[in-house]
Amino acid sequence: MASCIFSYLLSEPELEIEALPCRRTFGKYHLCTDVRTPLMYARSEQRECIVFGLAIHVITGESAQIAENIVSRCARISDVLDFEKHLGGKYLILFREGENYFILGDATCSVPVFYHTAGSCMVASHLQFIVHQNHDLPDSRLLNIRRSGDISQAMPFDITEYQDIKQLIPNHYLSVNDQTAVRFINFEKLQPIISAEKAAALTAPMIDTLCRFYLNTFPVYCPITAGRDSRVVLSFLASHHPSVACYTIRHPEHRAETQDLVIPKQLCGAAHFSYQQFNDVIVPENVQAEVDRFLGKDKYSFRTLRIAQTINEHFSDGAIINGDIIGQVGKCSLHRDIPLRFATPAYFRCKLHNYSRDSKTQLKQWLADIRKGGEQVNPLDLFSIENRLGRWAAQENLIYNTLGQVYLNLFNSRSIIYLWTAVSRKERKESAIHMHLIREKMPQLLKFPFESDDSFLIRLSKTNGLTYLLASYLKYYIQRRQFNRGSSYEKNHCDSR
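Please read all numbers here as calculations on a predicted model, not as lab measurements.

**Looking at the overall build of the chain**
Scanning the chain from terminus to terminus reveals 19 helices and 17 strands. The C-alpha atoms of the chain give a radius of gyration of 22 Å, which matches the 23 Å a tight globule of 497 residues would have. Its C-alpha atoms put the chain at 60 × 55 × 50 Å along the principal axes. Within the chain, the proportion of its 497 residues that are buried is 60%. Within the chain, contacts between residues separated by at least 24 positions form 72% of all contacts whose residues are at least 6 apart in sequence. On the chain, roughly 20100 Å² of surface is accessible, and the fraction owed to carbon and sulfur atoms is 51%. Averaging the coordinates of the 57 positive side-chain charges in the chain and doing the same for the 52 negative ones gives two points 7 Å apart.

So this is what it looks like as structure tokens:
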């Protein structure tokens, strides 16, 4: 697809990829990239660095010399990790020290990193790039995991349906020489608990830096719902750009009185923000065929493609700014405050919405990877960062990247994320970080209501951590029964085409 972005392939033999016409050598490797993604390059006698994508130092605001700073300041990969924790954006770092090669993703691996673990090393943004070059065939056991849940859900840990292809997840770097992922730790000791107010005060200047960076690089568009996450994004964007353009997509399931349609319209009207609502579009057959070619037929969520195509038809000239991270980490939306002792493979399988026993085995391996590495950030937050953002959100990003739609997160920096994990989950689940950030940037936005749970059962499930835990298991077993009773693989992968 000629318009793709954040797309690349790294290989030892020089390859020709039609969609990736830009060529650059990186030591003994060849890097093919699309024509739109920025790239910074620097080298010295012993070191070499490529920063592929959009990156800024969230403390200093430096963005133009990042590759040069890495080469001049970082003698080894551990130094790069220390430097990168203060970066934000959407990027990859390729680093060479002598004959040792490494690849590091951003805080949530929003630019996917698929890599071959056997034979000649090959690394790519798209799984299918590697599959086509190596003629890989799916592994039956792994394919069963993929087929044991809806295609919109992510596979566990770092696996794909191919035995020799894995995906890099957050808090890992790729040792290219060994073709293996290596976990690095953010905290060797338990984080001291801080208040939501302090976390908001410490992270707001860093979010401001990312906000200015995006606004200075693209026309930006803010999707807005009745929820808290998008309200935080709007408060930052509007504080820097009062005429920020907002929008809401009307999906087929929406009714006229749906909160996500009513409240944004009221808010934007009163605040005099540019605002529009529009319906989902029909995906053109030629676009679907191209996405099938890049991602594999029936290997992605068609609903996500439809939403991405709708956005692209309206806003292809700019960047969509989303707030996934503040939902997943800032208010613990996936786990709330369930007791840590229940952070088991069985529970995490519920959150994956996967019904295979083998998926539980993979999650055991993921938890063992955390214990072996010595990471002290709790596994509930790590699941949200590594499995939910690093895999589920990354596969959504991949659809936007394939269409060429710039899709960015306002909070994508380890410096921001791991200040939020230091706030107690009991405080986070009440959206305390959200409220403090909005109050600091644009308190008038708090005058408008947020969405409320219509269902009594949903409200009941959120009473405390244990009721939420029980509700999670109940939902899982009901959905598993429905899945096993009435759905074939094809039916569950059509996504209402």
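**Focus: the nonpolar core**
Ranked by internal contacts, the top residues of the largest apolar core, which has 99 residues, are Leu234, Phe273, Trp366, Leu410, Phe411, Trp420 and Leu437. Sort the elements by how many residues they give to this core and helix α5 (residues 196–217) lands first, with 11 residues. Excluding residues that lie within four positions of it along the chain, Phe273 makes contacts with Leu234, Ala238, Pro242, Val244, Cys246, Leu267, Cys268, Met442 and Leu445. The next biggest cluster of nonpolar side chains, apart from the first, holds 39 residues, and it includes Tyr162, Val287, Phe302 and Phe315.

**Observations concerning the sheet that holds strand β8 (residues 114–116)**
What links the strands of a sheet is backbone hydrogen bonding, and the strands pair in either a parallel or an antiparallel sense. The 6 strands are arranged β2-β3-β1-β9-β8-β10 in an open sheet whose pairing can be described as antiparallel. Both edges of this open sheet fall to β2 (22–26) and β10 (165–167), since each of them pairs with a single strand only. Sheet twist, expressed as the mean angle between neighbouring strand axes with direction ignored, is 20 degrees. Here β8 runs beside strand β9 (residues 122–124); their pairing, made up of 2 bridges, is antiparallel. In the strand pairing of β9, Tyr115 is matched with Val123. Strands β1 (8–11), β8, β9 and β10 of the sheet are contacted by helix α3 (residues 127–134), whose axis makes an angle of about 145 degrees with β9.

**Remarks on the side chain of Gln362**
Tracing the chain through its elements places Gln362 in helix α12 (residues 357–373). Judged by relative accessible area, which is 5%, Gln362 ranks as buried. When residues no more than four places from it in sequence are discounted, the contact partners of Gln362 are Arg141, Ile145, Pro156, Phe157 and Ile159.

**Here's the deal with the confidence of the model for the chain**
The share of residues in the chain with pLDDT of 70 or more is 97%, and the mean pLDDT across the chain is 94. Residue range residues 488–497 is modelled with pLDDT below 50. Its contacts to residues more than four positions away, or to other chains, number 26 contacts.

**A word on the pattern of salt bridges**
All told, the structure shown has 15 salt bridges when counted by the stated rule. We note a salt bridge from Glu84 to Arg414, for which the minimum N-O separation is 2.8 Å. In this pair, Glu84 is assigned in helix α2 (residues 77–84) and Arg414 in helix α14 (residues 414–420), connecting sequence segments 330 residues apart. We classify Arg414 as buried; its relative accessible area is 7%. Among the charged side chains, a network of salt bridges with common partners joins Arg183, Asp369 and Glu386.

**A closer look at the sheet that holds strand β12 (residues 180–183)**
If you walk across this open sheet you meet the 6 strands as β4-β5-β6-β7-β11-β12, and the pairing is antiparallel. The open sheet has two free edges, formed respectively by β4 (39–43) and β12, since each of these has just one partner strand. Strand-to-strand twist across the sheet, computed as the mean angle between neighbouring axes with direction ignored, equals 20 degrees. Set on the sheet, helix α1 (residues 66–73) makes contact with β4, β5 (47–57) and β6 (87–97); between it and β5 the angle comes to about 135 degrees. Set on the sheet, α5 makes contact with β5 and β6; between it and β5 the angle comes to about 90 degrees.

**Considering unusual backbone geometry**
Backbone geometry at Phe157 places phi at a positive 55 degrees, although glycine is not the residue there. Here Phe157 is to be found in the loop between α4 (140–146) and β10. Here the phi dihedral of Cys332 falls at roughly 50 degrees; this positive angle occurs in a residue that is not glycine. Residue position: Cys332 is located in the loop between α10 (324–330) and α11 (345–352).

**A closer look at α1**
Taken residue by residue, α1 has Ile66, Ala67, Asn69, Ile70 and Val71 as its buried positions. Buried positions along α1 lie against β4, β5, α2 and β6.

**Structural notes on the pairing of strand β15 (residues 274–279)**
Alignment of strand β14 (residues 245–250) against β15, held across 6 bridges, turns out to be parallel. Looking at β15, one finds that Cys246 is bridged to Tyr275. For the handedness criterion, the β-α-β arrangement of β14, helix α7 (residues 259–271) and β15 is classed as right-handed.

**A short note on the packing of α3 against helix α8 (residues 285–295)**
Two elements in contact, α3 and α8, have axes separated by 7 Å at closest approach and are oriented at 65 degrees. One element, α3, and the other, α8, form an angle in the roughly perpendicular class. For the pair α3 and α8, contact is made by Gln128, Phe129 and His132 and by Arg293, Phe294 and Leu295, respectively. By residue class, the composition of the contact of α3 with α8 is 3 nonpolar, 2 polar and 1 charged.

Rules of the game
- Residues numbered from 1 in each chain as written.
- Predicted model: local features only at pLDDT ≥ 70, side-chain atom pairs only at ≥ 80, totals over all residues.
- Heavy atoms only, no water.
- Helix = DSSP H or I, 4+ residues; strand = E, 2+ residues; numbered from the N terminus.
- Rg over C-alpha atoms; globule rule 2.2 N^0.38 Å.
- Buried < 20%, exposed > 50% of the residue type's maximum accessible area, 1.4 Å probe, protein only.
- Contact = heavy atoms within 4.5 Å.
- Areas by Shrake-Rupley, 256 points an atom, 1.4 Å probe, with all protein chains shown as cover.
- Lys, Arg positive; Asp, Glu negative; His and termini not counted.
- Charge placed at Lys NZ, Arg CZ, Asp CG, Glu CD.
- Core = buried A, V, L, I, M, F, W, Y, C linked by side-chain atoms within 4.5 Å.
- Pairing = 2+ DSSP bridges.
- Axes fitted to C-alpha atoms, helices over the stretch in contact; angles between N-to-C directions.
- pLDDT = per-residue confidence, 0-100.
- Salt bridge = Lys/Arg side-chain N within 4 Å of Asp/Glu carboxyl O.
- Right-handed = clockwise from strand over helix to strand, strands pointing away.
- Parallel < 35°, antiparallel > 145°, perpendicular 65-115°, else oblique.
- Nonpolar A, V, L, I, M, F, W, Y, C, P; charged D, E, K, R; others polar.

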